[in-house]
Amino acid sequence: MYNGGKIIIGLIIFIGIIALPFVFSGKSASVKPEPKLDTPEILKLPENERKCVESKEYMIREHMKMLNQWRDWVVRDGLTIYTSSSGKQYTMSLQNTCMKCHSNKSKFCDECHNYTAVKPYCWDCHIKPKEKEL
Amino acid sequence: MDRREFIKIAGISSIFGLGGLTAFGTLKGKLEASQTGPSQNPQALKAKRWAMVIDTTKFKTAEDFQRCIDACHKAHNVPHITDNIKHEVKWMWTDTYEHVFPGVEDEYLAEKVKELPMIVLCNHCDNPACVRVCPTKATFKRKSDGIVMMDMHRCIGCRFCMAACPYGARSFNYKDPRPYIKEEDINHEFPTRMKGVVEKCTFCYERLVKGLMPACVEASNGALIFGDLEDPNSEVRKILSERHSFRRRPELGTRPSVYYLF
């Protein structure tokens, strides 16, 4: 191999540079997000009432669409009550309904949003709940 | 069965089939609609067109004005910006008679009227200029009750509405309003705004839907009267039929919903 030493050193430097992001981000990029549901407000509820507006799977998949839909219903159509598929009624409000239970924005919202690198601008206007230490 | 008969039967049965399907579809849709989805709060105050009557004779001291303004600004997290007067944000404020009613200032105006500050807010026009110019429909007139609303999610901050409004009822957030709201004054039930959106009075739509009167009306001790302009038995209509009232700049054809009594 002509100039074998130079090529091998070059390759090592190249691989080193390529690997830099993995070294710097460490493990954090690959750690699975685990949104926490153990807020004092939720723990206060009796076991059988610890349910979200819709099923967990539906909320994980559709919450962003649901929030958009709620926003239009409340702001544009003046409808504020949501009847869920279980027949229970809720006031449609991010600040006054969702976050009253999920009072842990950093462990509930940000956990997945940071992982998937989405930056919703909810909190530019909506006031985030004060987070209490458990 | 001959061919002619077969086609007849096939035609008739397909018509019945289609009709049945549509009938079934509508029924199903109605059933589902009643089960899940959005609905109005049964406690909500309803009107065809909300209107406010301002009884200027009942505002005597500066405190009377301030009480209404503070109630509004506190309820809606309106920032108190004083370091640059051009950056001021206001939903309700006071101005002099000649600024509120330009063109009607007479030479020998009663002293007390001349000196009297007037309370001013968004007029919730029946024919709003701001709505016509808004490119994103962020500001719109609600068909149900005539409130000229702001959808902060849609506002792109172009400020066309501010140029269009003949009453100067709109304020632009030139900077992040949060640092200008005192921590202890924050209403955690209502959002703030962000830098780059236009805001104004919304006739407390969030209170009306809960069955409450607007914050300023509650704080005014009867100096502000709120009700349905299209209902001949409402309080506003009764007062308007008894006493002479003015609207701001009627010549523009915006048809304001805010009336002033003298």
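The notes below deal with the structure included here. (Residues numbered from 1 in each chain as written. Chains lettered and ligands numbered in written order. Predicted model: local features only at pLDDT ≥ 70, side-chain atom pairs only at ≥ 80, totals over all residues.)

1. Some details on the overall build of chain B
Heads up, the rule is: A run of H or I in DSSP becomes a helix once it reaches four residues, and a run of E becomes a strand once it reaches two; helices and strands are each numbered from the N terminus. Each radius of gyration is computed over the set of C-alpha atoms, and the globule rule expresses the reference value as 2.2 Å times the number of residues to the power 0.38. Exposure is read from a count of other C-beta atoms within 10 Å of each residue's own; the residue is exposed at 12 or fewer, buried at 20 or more and partly exposed in between. C-beta atoms are placed from the backbone. Note on contacts: residues are paired as contacts if their backbone-placed C-beta atoms lie within 7 Å.
A count of helical and extended segments in chain B gives nine helices and eleven strands. Taking 18 Å as the expected radius of gyration for a compact globule of 262 residues, we find that chain B reaches 25 Å, considerably beyond that expectation. Considering only C-alpha atoms, chain B reaches an extent of 100 × 45 × 35 Å along its principal axes. Classification of the 262 residues of chain B by burial places 34% in the buried group. Of the contacts formed within chain B by residues at least 6 apart in sequence, a portion of 67% connects residues at least 24 apart.

2. Thoughts on the overall build of chain A
When helices and strands are tallied, chain A shows five helices and two strands. For chain A, the N- to C-terminal ordering of α and β elements is α-α-α-β-β-α-α. For chain A, the C-alpha radius of gyration of 23 Å lies well beyond 14 Å, the compact-globule estimate for 134 residues. When the backbone C-alpha atoms are referred to their principal axes, chain A occupies close to 75 × 35 × 25 Å. Scored against the burial criterion, the 134 residues of chain A give a buried share of 11%. When contacts within chain A are restricted to residue pairs at least 6 apart in sequence, long-range pairs at least 24 apart make up 62% of them.

3. Quick word on the interface of chain A and chain B
Rule in force here: Three residue categories are used. Nonpolar comprises Ala, Val, Leu, Ile, Met, Phe, Trp, Tyr, Cys and Pro, charged comprises Asp, Glu, Lys and Arg, and polar comprises the others, including Gly.
With 19 residues of chain A in contact, the opposing surface of chain B contributes 22 residues. Taken together, the elements giving at least two residues each to the side of chain A that touches chain B come down to α3 (56–76), β1 (81–83) and α4 (94–101) of chain A. Partitioned by chemical class, the residues of the side of chain A that touches chain B number eight nonpolar, eight polar and three charged.

4. Focus: the sheet that holds strand β1 (residues 37–39) of chain B
Rules: When DSSP finds two or more bridges between a pair of strands, those strands are recorded as paired. Where helices are involved, their axes are fitted lines through C-alpha atoms of the stretch in contact, as for all axes, and angles between N-to-C directions lie from 0 to 180°.
If you walk across this open sheet you meet the three strands as β2(A)-β1(A)-β1(B), and the pairing is antiparallel. The open sheet has two edge strands with one neighbour each: β2 (89–91) of chain A together with β1 of chain B. Averaged over all pairs of adjacent strands, the angle between strand axes in this sheet comes to 35°, irrespective of strand direction. Bridge analysis of β1 of chain A against β1 of chain B gives three bridges, and the strand direction is antiparallel. Bridging across to β1 of chain B, Y82 of chain A finds its partner in P38 of chain B.

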